[in-house]
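Inside the fold
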Amino acid sequence: MALFLIRRLLLLIPVFLAVSLVIFMIIRFVPGDPIDNLLQIGSTEEQKTAMIAAYGLDRALPVQYAIWLGKMLQGDLGEAIILRQPVSTLIAQNLPHSLILGSLALAFSTLVGIATGALAASFKDGWLDRLVMTLILLGSTLPSFWLGLLMILLFAVQLGWFPVSGARSWSALVLPVLTIGIGGVALVARVTRAAMIEIARKDFVTMLHAKGVPPLQIQLGHVLRHALLPVVTILSLRIGWVLGGAVTIEYVFARPGLGSLLITSLNQRDYPVVQGCLLMLAIAVILGTLIGDIVQAAMDPRLRETLR
Amino acid sequence: MALLDLSDVTVSIGVLTPLDRIAFSIEAGEIVGVVGESGSGKSLTAMAVMGLLPLIGGRITSGAVRFADVELNRLPERDYRALRGRRIALISQNPMTSLDPIRRVGEQIDQVSMMHLGLGAERARLRSVDMMRQLRIPEADVVHGNYPHQLSGGMKQRIVIAMALAADPELIVADEPTTALDVTIQAQIIQIMVEMARRKNVALMLITHDMGVVAQACDRVVVLYAGRVAETGSVERIFAAPRHPYTKSLIGCIPVEGLPPGGLKGIDGVVPGVANYPTGCRFHPRCSLAQDRCKIEAPLLRALEEGAAACHLAGDPP
Amino acid sequence: MTIPSSALGRLLRTPRGLGAAIVLAIIVLAAILAPVIAPYDYAAQNLRNANMDPGALHWLGTDEFGRDLFSRIIYGARTSLAVGVTSISISMVCGMALGAAAGYFGGAFDRVVTMVVDLSWSFPEILLALILIAILGPGLASTMIAISIAYLAQFTRLTRAQVMALKSETYVEATISLGAGSGHVLFRHLLPNAVTPVIVAGMLATGDAIILEATLGFFGLGAQPPTPSWGAMMSSGTAQIFIAPWIIIFPGLAIAITVIAINLFGDALIDALDIRQRLREG
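Computed from a predicted structure; not experimentally measured. (Residues numbered from 1 in each chain as written. Chains lettered and ligands numbered in written order. Predicted model: local features only at pLDDT ≥ 70, side-chain atom pairs only at ≥ 80, totals over all residues. Heavy atoms only, no water.)

**Looking at the overall build of chain B**
The number of helices and strands found in chain B is 12 helices and 12 strands. Over its C-alpha trace chain B gives a radius of gyration of 20 Å, about what one expects of a compact globule, namely 20 Å for 318 residues. In terms of overall dimensions, chain B has a C-alpha envelope of 65 × 50 × 35 Å along the principal axes. The long-range fraction of contacts in chain B, counting pairs at least 24 apart against all pairs at least 6 apart in sequence, stands at 64%. Within the structure as shown, chain B displays about 13700 Å² of accessible surface, and the carbon and sulfur contribution to it stands at 52%. (Helix = DSSP H or I, 4+ residues; strand = E, 2+ residues; numbered from the N terminus. Rg over C-alpha atoms; globule rule 2.2 N^0.38 Å. Contact = heavy atoms within 4.5 Å. Areas by Shrake-Rupley, 256 points an atom, 1.4 Å probe, with all protein chains shown as cover.)

**Overview of the overall build of chain C**
Of regular secondary structure, chain C possesses 12 helices and zero strands. Principal-axis analysis of the C-alpha atoms gives chain C an extent of 75 × 45 × 25 Å. A burial count over chain C gives 54% of its 282 residues as buried. Total accessible area computed for chain C in this model is approximately 11900 Å², and 67% of it derives from carbon and sulfur atoms. Taken together, the 15 basic and 16 acidic charged side chains of chain C have centroids lying 6 Å from each other. (Buried < 20%, exposed > 50% of the residue type's maximum accessible area, 1.4 Å probe, protein only. Lys, Arg positive; Asp, Glu negative; His and termini not counted. Charge placed at Lys NZ, Arg CZ, Asp CG, Glu CD.)

**Details of the interface of chain B and chain A**
Listed as interface residues are 29 residues of chain B and, on the opposing side, 24 residues of chain A. Counting the surface lost from both chain B and chain A, the interface buries some 2200 Å², and carbon and sulfur atoms represent 63% of this. For the pair chain B and chain A, the number of links is zero salt bridges. For the pair chain B and chain A, the number of links is 10 residue pairs in polar contact (both at pLDDT 80 or more). For the side of chain B that touches chain A, the secondary-structure elements that each account for two or more residues are helix 1 (42-50), strand 6 (88-91), helix 3 (95-98), helix 4 (105-117) and helix 7 (153-165) of chain B. The element contributing the most residues to the side of chain B that touches chain A is helix 4 of chain B, with five residues. (Buried area = accessible area lost by both parts, 1.4 Å probe. Salt bridge = Lys/Arg side-chain N within 4 Å of Asp/Glu carboxyl O. Polar contact = N/O pair within 3.5 Å; in protein donor to acceptor, adjacent residues only side chain to side chain.)

**Some points on the nonpolar core**
Side chains that are nonpolar tend, in soluble globular proteins, to be buried together. Grouped together as the largest cluster of nonpolar side chains are 147 residues, with contacts concentrated most on Ile26(A), Leu130(C) and Tyr151(C). A per-element tally of this core places helix 9 (residues 182-218) of chain C first, with 17 residues. Those residues in contact with Tyr151(C) that sit more than four places away from it in its chain are Ile88(C), Ser91(C), Glu125(C), Ala205(C), Asp208(C), Ala209(C) and Leu212(C). With 97 residues, the next largest nonpolar core counts Met131(B), Ala164(B), Met193(B) and Val213(B) among its residues. (Core = buried A, V, L, I, M, F, W, Y, C linked by side-chain atoms within 4.5 Å.)

**Quick word on the sheet that holds strand 2 (residues 16-26) of chain B**
All names here are of chain B. Read from one edge of the open sheet, four strands run 2-1-4-5, paired in antiparallel fashion. Taken across any chain shown, the strands that pair with only one partner, and hence form the sheet edges, are strand 2 and strand 5 (70-71). Here eight bridges tie strand 1 (residues 4-13) to strand 4 (residues 58-67), and the two strands are oriented antiparallel to one another. The residue bridging Thr10 from the neighbouring strand is Ser62, located in strand 4. Running at roughly 110 degrees to strand 1, helix 1 makes contact with strand 1, strand 2 and strand 4 of the sheet. (Pairing = 2+ DSSP bridges. Axes fitted to C-alpha atoms, helices over the stretch in contact; angles between N-to-C directions.)

**Quick look at the state of the cysteines**
Residues and elements named next belong to chain B. For the structure on display, the rule yields zero disulfides over all chains. Lacking any disulfide linkage, Cys281 is separated from the closest cysteine sulfur, that of Cys294, by 6.1 Å. Taking relative accessible area as the criterion, Cys281 reaches 12% and is therefore assigned buried. (Disulfide = S-S within 2.5 Å.)

**Quick word on the side chain of Thr110(A)**
Residues and elements named next belong to chain A. Relative to the helices and strands, Thr110 is located in helix 5 (residues 87-122). Residue classification places Thr110 among the buried positions, given a relative accessible area of 19%. Among residues more than four places away in sequence, those in contact with Thr110 are Val188 and Leu235.

**A short note on the packing of aromatic side chains**
Within this structure, the stated rule accounts for 12 aromatic pairs over all chains. When the ring of Phe24(A) is compared with that of Trp68(A), the centres are 5.4 Å apart and the planes differ by 45 degrees; the resulting orientation is tilted. Placement of Phe24(A) in helix 1 (residues 2-29) and of Trp68(A) in helix 4 (residues 61-73) is noted, with a sequence separation of 44 residues between them. The pair formed by Phe24(A) and Trp68(A) is uniform in burial state, with each residue classed as buried. Consider the rings of Tyr225(B) and Phe283(B), whose centres lie 5.0 Å apart with planes at 80 degrees: the pair is edge-to-face. Taken as a pair, Tyr225(B) in strand 9 (residues 220-225) and Phe283(B) in the loop between helix 11 (245-252) and helix 12 (292-296) lie far apart in primary sequence, 58 residues in all. When its relative accessible area of 4% is taken as the criterion, Tyr225(B) is described as buried. Given a relative accessible area of 3%, Phe283(B) falls into the buried group. Over the aromatic face of Tyr80(B) sits the side chain of Arg84(B), whose NZ or CZ is 4.7 Å from the ring centroid. (Phe/Tyr/Trp six-rings, centres within 6.5 Å; stacked < 30°, edge-to-face > 60°. Lys NZ or Arg CZ within 6 Å of the ring centre and 35° of its normal.)

**With respect to empty space enclosed by the protein**
All names here are of chain B. One pass over the full model with this rule turns up seven cavities of 30 Å³ or more. Of the volumes computed, that of the largest cavity is approximately 100 Å³. Along the walls of the largest cavity sit Tyr225, Arg228, Val229, Ala230, His244, Cys281, Arg282, Phe283, Pro299 and Ala310, which together make up its complete lining. By residue number, the principal contributor to the lining of the largest cavity is strand 10 (residues 228-234), which donates three residues. Its residues placed into classes, the lining of the largest cavity shows seven nonpolar, one polar and two charged. (1 Å grid on protein atoms, 1.4 Å probe; cavity = no way out; pocket = protein on both sides within 12 Å on 5 of 7 lines; lining within 4 Å. Points joined across faces, edges and corners; volume = space filled by probe spheres on them. Nonpolar A, V, L, I, M, F, W, Y, C, P; charged D, E, K, R; others polar.)

**Considering the confidence of the model for chain C**
Detail in the predicted coordinates should be disregarded across regions flagged by low pLDDT. Residues of chain C with pLDDT of at least 70 account for 98%, and the chain-wide mean is 85. Interface confidence in the predicted complex, given as ipTM, is 0.88; pTM for the same model is 0.78. (pLDDT = per-residue confidence, 0-100.)

**Quick word on the side chain of His284(B)**
All names here are of chain B. As for its placement among the helices and strands, His284 is situated in the loop between helix 11 and helix 12. Exposure remark for His284: the relative accessible area of 14% places this residue in the buried category. At a separation of 3.3 Å, a polar atom in the side chain of His284 contacts the main-chain carbonyl oxygen of Thr279. Contact partners of His284, with chain neighbours within four places excluded, come to Pro278, Thr279, Ala290, Cys294 and Lys295.

**Quick notes on the pattern of salt bridges**
Residues and elements named next belong to chain B. In this structure the tally under the stated criterion is 28 salt bridges over all chains. Between Glu37 and Arg286 there is a salt bridge, and its shortest N-O distance comes to 3.1 Å. Taken together, the residues span a long stretch of sequence, with Glu37 in the loop between strand 3 (31-35) and helix 1 and Arg286 in the loop between helix 11 and helix 12 at a distance of 249 residues. Via salt bridges that share partners, Asp20, Arg21, Arg228 and Arg282 belong to a single interconnected network.

**Some thoughts on the interface of chain C and chain A**
Size of an interface: often given as the accessible area lost when the parts come together. Taken together, the contact between chain C and chain A spans 36 residues of the former and 43 residues of the latter. For the pair chain C and chain A, the summed buried surface comes to about 3400 Å²; carbon and sulfur atoms form 81% of the total. When the buried area of chain C at its contact with chain A is split by residue, Ala134(C), Ile135(C) and Phe219(C) rank highest and sum to 17% of it. Remark: the boundary between chain C and chain A carries zero salt bridges. Where chain C touches chain A, the interface holds three residue pairs in polar contact (both at pLDDT 80 or more). Those elements that provide at least two residues to the side of chain C that touches chain A are helix 5 (107-121), helix 6 (125-136), helix 9 and helix 11 (246-273) of chain C. Of all the elements, helix 11 of chain C adds the most residues to the side of chain C that touches chain A, at 10 residues. Residue composition of the side of chain C that touches chain A, grouped by class: 28 nonpolar, seven polar and one charged.

**A look at the sheet that holds strand 11 (residues 302-303) of chain B**
Residue and element names in this part refer to chain B. Pairing in this open sheet of eight strands is mixed, and the strands run 6-7-8-3-9-10-12-11 from one edge to the other. The strands lining the two open edges of the sheet, one partner per strand, are strand 6 and strand 11. Where strand 10 meets strand 12 (residues 308-309), two bridges bridge the pair, whose relative direction is antiparallel. The residue bridging Thr232 from the neighbouring strand is Ala308, located in strand 12. Along the sheet, helix 7 contacts strand 6 and strand 7 (171-175); its crossing angle with strand 6, the most-contacted strand, is approximately 175 degrees.

**Some thoughts on the arrangement of the chains**
Contact analysis covers two pairs of chains in contact, and the most contacts occur between chains A and C. Contact between chain B and chain C is absent, and the minimum C-alpha spacing across the pair is 23 Å.

Structural data, given as C-alpha cells:
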C-alpha cells in the first residue's frame, strides 16, 4: 500500500506541471501586452520595470515559467489588479467557504445517492424504482443554476425558510448544498443501481444464497459493497463535477468562495486572480482524483495487487 | 425413508418447461451421479433442490421435493434459508466466480459456521482452518487470510468445498464441480470430495457429464436427457446392462485403455433446445433403435428389476 | 447513411421516442421561424411595461426593460441551438479525426493523445470552458470555441475506442493483410462503422452544451446584450426575483424542456440502434 501511494504521488507531478503550464500560458495568449494585463491601469514606469524584473518578463518563456512556478510554490500568486490585495490573501479568505460547500455537497450526494440507488435496485422495476429513475433523469438534465434559482424562489422568497444568499449562517448552506447535491445524487444513484443489479447476477451471489445468508445481508453486506467500487471510481473521476457545480452555485447564491471570485475576476479581467483560482481548482480536482484512487485501492484487494 | 426425494418435479421458467416430471431419490450417505450432456437440465435440478429457482425466474409448477420428510417446495422461505448451507450445501460449477472476490476466503468459510452453528469468530476460524487441513490445503492458516485471486483454481474449489462442509450438512449438491478446472486437478478434487463425503457420511448429489467420474465415484446414477429422467439405477447395473439407448451411448463415450484408434464413439446430433423438444421420446431423433411409436408416445419412467428406465424398448433386455 | 431509416422507424414507434421527436421538431421550427412567430421585437424596450405579469398582452410577461419574454425566449432558442449544434459539430469532427488517427496509427501519437484526453477528462467541462474564456475573453464566438474544446476529449476517446475495436475485427485485418492502403481502410471500413455511436453521443452532448452555454451566459461570459440568450435572461432576472419570478422560470423551463427532449430522443435512438454497449466502450 505504501509503495502504491508513493507511485501514485509521483504520477501527480507531471500532471501538475502540465496543468500549471496551461494556466501560466493564459496570460500569454490573452491579446495585448502581458505586463499591462498584470498591472493596474495607470501604473508608473517604475512599477512596470519592477514587475518585469520580478517575473523575468524580458527573459525566455521557459525561464518565465520557472520563475512563476517557483514563486507560486512559495505561495506568492501575485497581486490582484482590481482588489489590490495579494491573490494568496484573497484565496485564503475564499477557499474555506468553497471547501465546506464542496465537501458537504459531496457527502450529501454520496450518502443520499447510494441509499437511493440501493433502494431502487432492491425494488427493481417497482414503482419506487421508476420514481427514482425519473428523478435521476430530471436531476441529471436540469441546469444546476436554474435549480438553484428555483430553490431560492420557493424556499427563500416564498416560504422564507432559508436566507436568499450570502454565507453568514449555517442555514445559508442548506440550499446551495441541496442544489449541487441533486446532480451528484442522480449520478451516484444511477451508478449504484446499475452496479447492484449487475452484481446480483454473479455466481458468488447465488453461492451466498446457497449458503443461507439472509437476502438483506447479501444485498447490503456483499452486493452493495461491490457496487461501491464503481461508485468510488465515478466519484473520483467526476469529483470535478462537484467542484464545477460549486463554482456555478456559489455565483447563483452570491456566496463567497473560489467560484464567485473566479467569475467576478473573469468579468473584470483580473488575470492574476483568475490564474490563482484556476490553479487552486485544478489542484483540488487532482487531489480529489488521488483520494478516489486511494479509497478504491483500500476497498479492492485485486486493485492493490495490480498497482503494486 | 430416503434423505432426498424428488417426485415428478416439473419446473417452469416463463412459458418454457425445462424440467419435466423429474423423479429420483438419494439415501443418507449415498453418492448419486446425475449425468447428461449440457442442456439436459442437470444444473436446473440442482437449483430446484437448493430452492434457488426464483433467482433465475423459475418455479416448481408440480411435484414435490422432499428432504428428510419435509416438503421443501412448500416450506416458507425463512425456514428454507435456515436449511441452506446448514443441512443442504452447494458446491458450484465455477470456483473462479463462486467466491466473493473482495473478501478473504477464510471469512467466507467462517461465515457459514458463524451463521448456522452460532460460533464466535475465533472458534469459527479454528474450525475453518481445521476443515481446510482435512481438505489437504497446505499452510491452511495462511491461506485463510488470502483473497480468492491469490489462489489457484484447484485451491479455490477446495475452499468452496470447505464452505459446503462447514456446518456439517447431510446433503451436498455438487454441480459439475470440476468442469472449470485443469484436467490434471479434476481427479484430485473428485477424490477429495468423495473421501470427505464417505468419512463424514454426507450424501452427495454429484452432477457431471463424465460417465468415467460416475464409474469411479458413485453408488447410483440418474441419467437425464432433455429435461426428463432417462434411466436410474446402481452403477454396477447401469454399466453392466444399460437399458436406455441414451445411457448406452453415454457409456460408449468413455475412453478405455487399449481402445483401437477411432474406436471412441460420440453421439450423433445434439440435445434439442428447451423451446423445441421433439414429440414422443425426446431422444428418438438421435436413437438408432427408434420406432414409429417412439416419435408419438412419450415413454413413462418404469421400474425395472433394478432401477428404472423411460424407453418403450426397455422391457426387452438388450 | 449512418443512421438507418429502419432504426428511425423503430424509434418513432416508441411513445418516448415519438414524443421527444415531436417536442424537438416544435423547438427547432420555432427557432427557425422566430421572426414569424414572435409577437414583438425581442429588443424593443418599453419601460412603462416593465416586469409585467404573464397575461393576454404578453403571454409570458415582460422583463425589467419591458421586453416581451415570449419573443425573447423564441429568439433565445436560436442562440442556444446554434451554439449547441455548431460547437458540438466542430468538437465531433475534430474529436473523430484525432481519435481515429490515434486509434489507427497508435504509437507515440496515441500515447500523447490518450494522456491529454485522460487529463482533461477529470476536469469538469465548466472549468475547461472557463479557462478558455479566460484566454479568449467573453462573447458568443469564444463560448462556441470553449464548448468545442471542452467536449473534444469525449469524442476523441469514443472514436479511438471504436476504431481500436473495429481494427481487430477479422474483415479489417484481412483487408489490411491484402495490402489495402491506410486511407482506404480508415475511410472505407473503420470510420463509416465508428461514426454512428459518435453521432449519437454528439446528439446527447448537444443537450449538455446547451446547458453549458446557458451557464456561461448566466455568468455574463456568453452572448452579450442585446443578443437574447436563455442564460443571460435569467441572469438579469435574478435582480427581479422578488417581483417578477417568471423572468427566471420561463427561460429555465425552455432549457429544461429542450434538454430533456434531446436526452430522451438520444436515449431512444441508442435503443433503436442497439448500440448501448458500444457507447460504453468509450
